[in-house]
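# Analysis of the macromolecular model
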Amino acid sequence: MNAHLSRSGLLTAIRAERASRKTEVEKQAEGKRLTSNHLEFTKHFFLEKEGQPFSVSRFHEVICDTLDLVFAGKITRLIINIPPGYGKTELAVINFIAHGFAKNPRARFIHASYAEPLALDNSTKIKDVIALEGYQAHWPVTMRADTKAKGLWRTTAGGHLRAAAAGQPITGFRAGILAEPGFTGALIIDDPLKPDDALSDPTRTFINKRWENTFKSRLAHEAVPVIVIMQRLHIDDFAAHLMENSGEHWHLLKLPVEIDGECEAPSGKVTMIRHGLPSGPLWEQKHSTEQIEILKVNEYVYSGQYGQEPVAEGGNLFKSEHLLRHTELPRLLWRAIYVDTAQKTKERNDFSVFQHWGVAADGKAYLIDQARGRFEAPELETTGITFWNKAKLLDPKQFGTLRKMEIEDKVSGTGLIQTVKRKGIPVIAKQRDKDKYTRALDVVPSVASGLVSVPQDAPWVKAFLNEFMAFPDGTHDDQVDPFIDAVSDMCGLSSYSLDNL
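Throughout, a residue's number is its position along its own chain's written sequence, starting from 1. The predicted origin of the model limits local features to residues at a pLDDT of at least 70 and limits the giving and counting of side-chain atom pairs to 80 or more, whereas totals for whole chains, interfaces and linings rest on all residues. Computation of side-chain values: all heavy atoms of the structure, hydrogens and water removed.

### Remarks on the nonpolar core
Nonpolar side chains tend toward joint burial in soluble globular proteins. Formally: For this analysis, a nonpolar core means a set of buried residues of the types Ala, Val, Leu, Ile, Met, Phe, Trp, Tyr and Cys, connected via side-chain atoms within 4.5 Å. The buried label goes to any residue with under 20% of its type's maximum accessible area, the exposed label to any with over 50%, and the partly exposed label to all in between, with areas taken from a 1.4 Å probe on protein chains only. Secondary structure counts use DSSP, requiring at least four H or I residues in a row for a helix and at least two E residues in a row for a strand, with both numbered from the N terminus. Whether two residues are in contact is decided by their heavy atoms, any of which lying within 4.5 Å being enough.
Core analysis: the largest hydrophobic core is formed by 54 residues, its most contacted members being F59, I63, I82, F96, F109, Y135 and I188. Those elements that provide at least two residues to this core are α2 (38-50), α3 (58-71), β1 (77-81), α4 (88-103), α5 (116-130), β5 (185-190), β6 (226-230) and α10 (299-306). It is α4 that provides the largest number of residues to this core, a total of 9 residues. Discounting residues that sit within four places of it in the chain, F96 has contacts with H38, L67, V70, F71, L91, F109, F183, A186, I188 and I227.

### With respect to the packing of α4 against α5
Put simply, the rule reads: Here an axis means a line fitted to C-alpha atoms, over the contact stretch when the element is a helix, while the angle between two N-to-C directions is reported on a 0 to 180 degree scale. Any angle that falls under 35 degrees is termed roughly parallel, while one over 145 is termed roughly antiparallel, one within 65 to 115 roughly perpendicular, and all others oblique. By convention the crossing between two helices is left-handed if the near helix lies anticlockwise of the far one by an angle smaller than a right angle, and right-handed if it lies clockwise. Polar here means any residue other than Ala, Val, Leu, Ile, Met, Phe, Trp, Tyr, Cys and Pro, which are nonpolar, and Asp, Glu, Lys and Arg, which are charged; Gly is therefore polar.
The interhelical angle for the contact between α4 and α5, taken along N-to-C directions, is 50°, at an axis separation of 9 Å. On the basis of their axis angle, the class for α4 and α5 is oblique. Here α4 runs over α5; the crossing is right-handed. Counting all contacts with α4, which are made through T89, V93, I94, I97, A98 and F101, the residues of α5 involved are N122, K125, I126, V129 and I130. Here the residues of the contact of α4 with α5 sort into 8 nonpolar, 2 polar and 1 charged.

### A word on the confidence of the model for the protein
Selection rule: Here pLDDT means the predictor's own confidence in every residue, given as a number from 0 to 100.
Mean pLDDT over the protein works out to 89, with 91% of the residues at or above the 70 mark. Taken together, the stretch residues 345-349 has pLDDT below 50 and engages in 14 contacts with residues farther than four places along the chain or on a different chain. Across residues 493-501, confidence stays below pLDDT 50; counting only partners more than four residues off in sequence or on other chains, it has 18 contacts.

### Regarding the pattern of salt bridges
Counted only if it meets this: Any Lys or Arg side-chain nitrogen located within 4 Å of an Asp or Glu carboxyl oxygen qualifies as a salt bridge.
Within the structure shown, the criterion is met by 32 salt bridges. Residue R77 is joined to E248 by a salt bridge in which the shortest nitrogen-to-oxygen separation is 3.3 Å. Taken together, the residues span a long stretch of sequence, with R77 in strand β1 and E248 in the loop between α8 (238-245) and β7 (250-254) at a distance of 171 residues. Grouping residues by exposure puts R77 and E248 together as buried. Counted as one network, the salt bridges with shared partners bring together K436, R439, D477, D481 and D485.

### A look at the side chain of N81
Note on placement: N81 falls in strand β1. Residue classification places N81 among the buried residues on the basis of a relative accessible area of 0%. Those residues in contact with N81 that lie beyond four places of it in its chain are M230, R232, A239, L252, L253, K254, L255 and Q308.

### Focus on the packing of aromatic side chains
Rules: Planes of paired rings set the category: under 30 degrees apart is stacked, over 60 is edge-to-face and the rest tilted, where pairs are Phe, Tyr or Trp rings (Trp by its six-membered ring) whose centres lie within 6.5 Å.
Summed over all chains, the structure comprises 26 aromatic pairs. Pairing F59 with W283 gives two aromatic rings, centres 5.4 Å apart and planes at 65°, and the pair type is edge-to-face. You can see F59 sitting in helix α3 and its partner W283 sitting in the loop between β10 (280-281) and α9 (289-295), a full 224 residues away along the chain. When sorted by exposure, F59 lands in the same class as W283, which is buried. Ring centres 6.0 Å apart and planes at 85° place the aromatic pair F96 and F183 in the edge-to-face group.

### Comments concerning the side chain of T155
Tracing the chain through its elements places T155 in the loop between β3 (152-154) and β4 (160-165). Given the relative accessible area of 1%, T155 is considered buried. If sequence neighbours within four positions are ignored, T155 has contacts with F101, P105, V141, T142, M143 and R144.

### As for the sheet that holds β3
So the rule is basically this: When DSSP finds two or more bridges between two strands, those strands count as paired.
Ordered by their spatial adjacency, 8 strands build an open sheet running β3-β4-β2-β5-β6-β1-β7-β9, and the pairing between neighbours is mixed. Bordering the open sheet on either side are β3 and β9 (270-272), each of which pairs with just one other strand. Ignoring strand direction, the axes of neighbouring strands in this sheet form an average angle of 15°. Each of β2 (108-113), β3, β4, β5 and β6 is contacted by α4, which is oriented at about 165° to β5, the strand it contacts most. Contacts from helix α7 (residues 201-215) reach β1, β2, β5, β6 and β7 within the one sheet, and its direction differs from that of β5 by about 155°.

### Digging into the packing of helix α14 (residues 436-448) against helix α16 (residues 480-490)
At a minimum axis separation of 9 Å, α14 and α16 run at an interaxial angle of 50°. Taken as axis vectors, α14 and α16 run oblique relative to one another. For the pair α14 and α16, the sense of crossing is left-handed. Across the interface between the two elements, K436, R439, A440, V443, S446 and V447 of α14 pack against D481, F483, I484, D485, V487 and S488 of α16. Here the residues of the contact of α14 with α16 are counted per class, giving 6 nonpolar, 2 polar and 4 charged.

### A word on helix α15 (residues 461-470)
Among the 10 residues of α15, 8 are classified as buried, and the element is accordingly described as predominantly covered. Every buried residue belonging to α15 is among V461, F464, L465, N466, E467, F468, M469 and A470, and all of these are buried. Where the residues of α15 are buried, they touch β11 (324-326), β13 (352-360), β14 (365-373), α14, β17 (452-455) and α16.

### Comments concerning the environment of Q136
We count it as follows: In protein, a polar contact requires one atom able to donate a hydrogen and another able to accept it; more generally it is a pair of N or O atoms within 3.5 Å, and residues adjacent in sequence count only if both atoms are side-chain atoms.
Residue placement: Q136 occurs in helix α6 (residues 133-138). Spatially, the C-alpha atom of Q136 lies 9.4 Å from that of A102, the residues being 34 residues apart in sequence. When near neighbours in sequence (up to four residues on either side) are disregarded, Q136 contacts I130, A131 and V141. From its side chain, Q136 meets the backbone oxygen of V141 in a polar contact 2.9 Å long.

Dropping the structure here:
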């Protein structure tokens, strides 16, 4: 009897050990699943923390897939533009940082937002996720007892989180770890500018300059990821500054409230992340088609915060409603190319622009095509020749003769003039005797009279219109310069007919 009990007890112990071993295997599998998929991590711990499921839409999956590429080291500079209230902070700040500590308890993070209370609230929520029983069962990340401040806490493994307002000092702390492989932390900036400050030039400029004078220097090394999540607020906001002026190569995930195909890349060194979303509301549960139409009543707010395509606020020299929009060209009398070259060939803020224009018998000028970029001398010359050859493909019987390329004989334009002349291209070396604003005043009547038309759907036309409406207060005016030259040259030709030329 005792032997039987002994054998029975042994069998029970063996079964218990096997069950325990199976549970441990399942636990390891779950931990691996959670750390390898950010959406699964977020859903799992949101449910445990909030007691309800995370409401997942397709665009949340796109964001999480992108953040997984950050964890894998395949993206190091990421900008996510998305409307307010669409879950960006939950996904890209709170759960991203908690997920990062699960991957590496030594990870070091810096997190900034436009207001200190927001950054500190996010810091508390991150600690709440880490303290969850389910989290601790997989990754027993513990906090040092001597760092209890909301704005700074450290793990016993040597990691830390420094949370602060975007304008506050963060000296003494770095994001990431030097000379350690794998994911070691990140700099995460969530809405660095509040909407009320978007029109304040000094405030906006102060925040923009934080990239060069503060944020960038806080990275342990260049491969430490930087994630910027924000709604667009101004044509010269923090996202625009990073893409156009930082010199860095950025990946951009742009998610407007209403999807209409893939988004075009803005100016700068930018790689667009394809979202693959169907046309229609980004998140119908949040904003239906009818609600989006209501949002559109305020064009300025809608374009930036919801459309992620900020425009200049009204009241500047030119009005967009004065421009005609064409989907097809009429019969033209003649055509020309107008060029604005960068003032300094190595100045990263300067663009060169080629515009192809034509004039019709009624005296209206039509912008046909445009090429814009920061070109060094050889590329500038190649671009000019290629642009001319492309324009020559239009049938002269229908669209008139391509007469000339007009270039200001100054700085980089001088070299371009010499090069295209050698290729047999008829060139007008232009000397300007008025400042840009005065020349713009000369063409305002032609624009206001409805004598100028631009393409309806060209990929570059949104950027052109933003600059057009912002002039003379915008960051750039390189597209306006050849616009002025073309309108001055072409408008007022109504007395001509097709038989005259």
